[in-house]
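# Overview (structure and organization)
Residue strings, one per chain:
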Amino acid sequence: MPGLRNPTKERDEAMKMKKLINDPFAVSDELVDGFMAAYGADLIRLEGMNVLVKKGFPRLGRVGVVVGGGSGHEPLFIGYVGHNMADAVVEGQIFAAPSPDLSYAAAHAVNGGAGVLFLYNNYAGDRLNFDMGAEMAKADGIDVRTVLVWDDVASGPPDQPQLRRGTAADVFVIHIAGAAAESGAGIDEVVRLTEKARDNSRSIGVALSSCTLPATGKATFEIGDDEMEVGMGLHGEAGVQRTTLRSADETARMMLPLLLKDLPFKRGDTVNLLINGYGSTTLMEMYIMNRAYHRLLAEEGISVHRTEIGNFCTTQEMAGCSLTLLRLDDELMKLVDAPASCPAYTRF
Amino acid sequence: MAAPAILTPADIEAWIRLMAQAFEANMERLSQLDAALGDGDHGTSMVRSFRAIIAKLDAAPPPPDIASLLRLAGMTLLSVSGGATGPLFGTIFLEAGKQAQGKSQIDLAGVAAMMNAASAGVMARGGAQPGDKTMVDALAPAAEALARASAEGLDLATALAQASAAALAGAQATAAMPATKGRARYLGERSRGHEDAGAHSVALIIDVLAQVAAQPQAGSTTTNKGEH
């Protein structure tokens, strides 16, 4: 818009930041354009919106699962619409919650008369905006429920999980919600299973470097060349401990107990394990961290059912990675083992 | 000629257009306030939103009734502002619009009801109470001032002038408060000494309405852009 921006300054900032983008204010729209060109065969984009819906929806009598949040964390959430995963995704601007008109439209698009689940990460802006969209949909007679993901142990005390941020546990929780809905479960049952998956997930991360925002070109936080911060948030929110960089084994030994004591996970438990890269950390590093976690968990008598390693929930080019553990029982295991197929995650 | 005792649809449209001008004039100041405690985009966010509102008003014959005008403003704020601003400022106009449903003009009692609904709506949505260093610290005093003025049988222009003064005082009072809501709460004690940008936007909104009500006839423009 004229008068609000300085194109020359922006171009200079963008070049320092060194990203392959066009207009920094158009990144969200353009990433959705590109995503649809790649993966849009089975998706519909709602007119004039960054809202994607599976073709064939709404399905009469079937619960609809809507996920979403700010963009900038790809493939979260855009890549998680698919079979036994989400049915629709609502994309906000970079790191910004999607406005209520978007989630309202998504609720209508997946409403088969059996209820709609809004499933997203626990951030104040997201709650405000999704709650309003839910109210608008409810005023039209749609039964909208909400489940928030709040797996990050570093962002709040164990007895107040509603203060905690949502992070990479999304992958498991979306899978379980999607598989439950696809199996024909009613909305109360889908909510129960999704909350159970959420309640049995814990995550903790370590950040090694910051990232830059396309619109500003500025780093989201400062951290020294030889430092790391345990518990740092996806948007650079302060963590619980800043230290000098440790080895992978030492870092794993620091981080795992913070998770284990939180649920608590006990000897004899079975878990799914997920290592999530924040964007610029190599698979090499994540495999080495996984080696450490598997050894430590074996010492604790906790068995790992499945391991997932990759960039599931990134923050631009931030360096670091997080660990997520999901404690399994029979019904969660059955759901999380259901074949899943979406651009970000395919498992048989 | 005395200031009118009622607001007409033309007055409400004038209010919206004057708010847009006022936000343009105060954009830098609001962003500076916000930069101290947040990410510094409050001013640009409000300007962007009001430009979109004006574009809608200019694109088609404006809605003829007060409720629709307010709903247009509220829904546009909701979809354009982004972040927490959209739902919170959108709620002001959406709740006010609900109070105006079916009315072709609003008297002081009606304006007091609108402001009360806006204040209650924002508190319910955002969870903030007076004293939390938010826009509520301007909105709640304004609603109370209007309710008192209405009960005392004052005229509309005087009542809104009192509400405007209360809103401004409330916004200025946020400087001494520590932040408990939003991103600013991570600053703790360091947030003292800085006024809340959202509270200032509320004070601006009410001040512009007071200016409209003080005009002898509906829809006349004013040269005072309400700089604080």
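Going by the structure above, here's the rest.
To keep things clear, this report deals only with the structure shown in the data block. Please read these numbers as outputs of a predicted model, since none were measured by experiment.

Looking now at the packing of helix H7 (residues 156-173) of chain B against helix H8 (residues 197-214) of chain B. Residues and elements named next belong to chain B. In contact at an axis separation of 8 Å, H7 and H8 are set at 165° when each is read in the N-to-C sense. Put simply, H7 runs roughly antiparallel to H8. In this structure, the crossing between H7 and H8 has a hand that is left-handed. Residues Leu156, Ala157, Leu160, Ala161, Ala163, Ser164, Ala167, Leu168 and Ala171 of H7 pack against Ala199, His200, Ala203, Ile206, Asp207, Leu209, Ala210, Ala213 and Ala214 of H8. A breakdown of the residues in the contact of H7 with H8 according to their chemical character gives 15 nonpolar, two polar and one charged.

Let us now look at the nonpolar core. Formed by 69 residues in total, the largest nonpolar core has its most connected members in Trp15, Ile16, Phe50, Leu70, Ile92, Phe93 and Leu146 of chain B. Of all the secondary-structure elements, those providing two or more residues to this core are helix H1 (9-37), helix H2 (42-59), helix H3 (66-80), helix H4 (85-99), helix H5 (108-126), helix H6 (136-151), H7 and H8 of chain B. With eleven residues, the single largest contributor to this core is H8 of chain B. If you look at the next biggest cluster of nonpolar residues, it comprises 59 residues, including Val65, Ala179, Ile223 and Leu332 of chain A.

It is worth spelling out the packing of aromatic side chains at this point. Enumeration over the complete set of coordinates arrives at six aromatic pairs over all chains. Seen from their ring centres, Phe312 of chain A and Tyr345 of chain A are 6.2 Å apart, and the 75° between their planes marks the pair as edge-to-face. You can see Phe312 of chain A sitting in the loop between strand E11 (303-310) and strand E12 (319-327) and its partner Tyr345 of chain A sitting in strand E14 (residues 345-347), a full 33 residues away along the chain. Among the residues examined, Phe312 of chain A registers a relative accessible area of 4% and is labelled buried. Ring geometry for Trp15 of chain B versus Phe93 of chain B: centroids 5.6 Å apart, planes at 45°, classification tilted. Remark: Phe93 of chain B occurs in helix H4 and Trp15 of chain B occurs in helix H1; sequence separation between them is 78 residues. When its relative accessible area of 0% is taken as the criterion, Phe93 of chain B is described as buried. Three or more aromatic residues link up through ring pairs in this structure, and these residues are Phe118, Tyr120 and Phe130 of chain A.

Residue and element names in this part refer to chain A. If you walk across this open sheet you meet the six strands as E1-E2-E4-E3-E5-E6, and the pairing is mixed. Among the strands making up the open sheet, the edge pair consists of strand E1 (43-45) and strand E6 (144-149). Across the sheet, the axes of successive neighbouring strands diverge by a mean angle of 20°, strand direction being ignored. Note that strand E3 (residues 64-71) and strand E5 (residues 116-121) share five bridges and pair parallel. Bridging across to E5, Gly68 finds its partner in Tyr120.

Our next topic: the interface of chain B and chain A. Taken together, the 16 residues of chain B in the interface contact eleven residues of chain A. At the boundary of chain B with chain A, total buried surface from both sides reaches about 1300 Å², with 69% on carbon and sulfur atoms. In terms of surface lost to chain A, no three residues of chain B exceed Arg51, Leu78 and Arg125 of chain B, which account for 40% of the buried area on that side. Linking chain B to chain A there are one salt bridge. For the salt bridge of Glu135 of chain A with Arg125 of chain B, the shortest nitrogen-to-oxygen distance reads 2.7 Å. Taken together, the connections running from chain B to chain A amount to two residue pairs in polar contact (both at pLDDT 80 or more).

On to the pattern of salt bridges, then. All names here are of chain A. Tallying each qualifying case throughout the model produces 27 salt bridges over all chains. Here Arg45 makes a salt bridge to Asp33, at a shortest N to O gap of 2.6 Å. Pair noted here: Arg45 is in strand E1 and Asp33 is in helix H2 (residues 27-39), with a separation of twelve residues, a long-range link. We classify Arg45 as partly exposed; its relative accessible area is 28%. Salt bridges linked by common partners bring Lys54, Arg59, Arg62, Asp87 and Glu182 together as one network.

It is worth spelling out the side chain of Asp151 of chain A at this point. Residues and elements named next belong to chain A. Mapped onto the fold, Asp151 is located in the loop between E6 and helix H5 (170-182). As a buried residue without a salt bridge, Asp151 has its nearest oppositely charged side chain in Arg202, at a separation of 8.8 Å. Here Thr167 takes part through its side chain, which lies 2.6 Å from a polar atom of the side chain of Asp151. Other than its neighbours up to four places away in sequence, Asp151 contacts Arg165, Gly166, Thr167, Ala168, Ala169, Ser201, Arg202, Ser203 and Thr324.

Conventions adopted
- All residue numbers refer to positions counted from 1 along the written sequence of the respective chain.
- Whichever chain is written first becomes A and whichever ligand is written first becomes 1, with later ones labelled in order.
- Per-residue local features are limited, in this predicted model, to residues with pLDDT of at least 70; the limit for side-chain atom pairs, both in listing and counting, is 80 or more; totals at the level of whole chains, interfaces and linings are taken over all residues.
- Derived side-chain values reflect all non-hydrogen atoms in the structure, with water molecules and hydrogen atoms excluded from consideration.
- Every axis corresponds to a line fitted to the C-alpha atoms, with the helix fit spanning only the stretch in contact, and the corresponding angles, defined between N-to-C directions, vary from 0 to 180 degrees.
- We count a stretch as a helix when DSSP gives it H or I for four or more residues in a row; a strand needs E for two or more, and each element gets its number in order from the N terminus.
- The labels follow the angle: roughly parallel below 35 degrees, roughly antiparallel above 145, roughly perpendicular from 65 to 115, and oblique for the rest.
- Helix crossings fall into two classes, left-handed where the near helix is turned counterclockwise from the far one by less than a right angle and right-handed where it is turned clockwise.
- The contact criterion used is simple: two residues touch if any of their non-hydrogen atoms lie within 4.5 Å.
- Residue type decides the class: Asp, Glu, Lys and Arg count as charged, Ala, Val, Leu, Ile, Met, Phe, Trp, Tyr, Cys and Pro as nonpolar, and the leftover types, Gly among them, as polar.
- In this description, a nonpolar core means a group of buried Ala, Val, Leu, Ile, Met, Phe, Trp, Tyr and Cys residues linked to one another through side-chain atoms lying within 4.5 Å.
- To sort residues, take the accessible area from a 1.4 Å probe on protein chains only and compare it with the maximum for the residue type: under 20% means buried, over 50% means exposed, and anything in between is partly exposed.
- In this scheme Phe, Tyr and Trp rings, the latter by its six-membered ring, pair at centre separations within 6.5 Å, and the angle between planes marks the pair as stacked below 30 degrees, edge-to-face above 60, and tilted otherwise.
- If DSSP finds at least two bridges between two strands, the strands pair.
- Reported buried area values correspond to the accessible surface (1.4 Å probe) lost by two parts on association, with both partners' losses combined.
- Salt bridges are defined as contacts in which a side-chain nitrogen from Lys or Arg sits within 4 Å of a carboxyl oxygen from Asp or Glu.
- Each polar contact in these results corresponds to two N or O atoms within 3.5 Å; when the atoms are within protein, one needs to be able to donate a hydrogen and the other to accept it, and residues that are neighboring in sequence are counted only if both atoms are side-chain atoms.
- When charges are counted, Lys and Arg are positive and Asp and Glu negative, with His and the chain ends excluded.

Everything listed here is a matter of geometry and, on its own, says nothing about what the molecule does.
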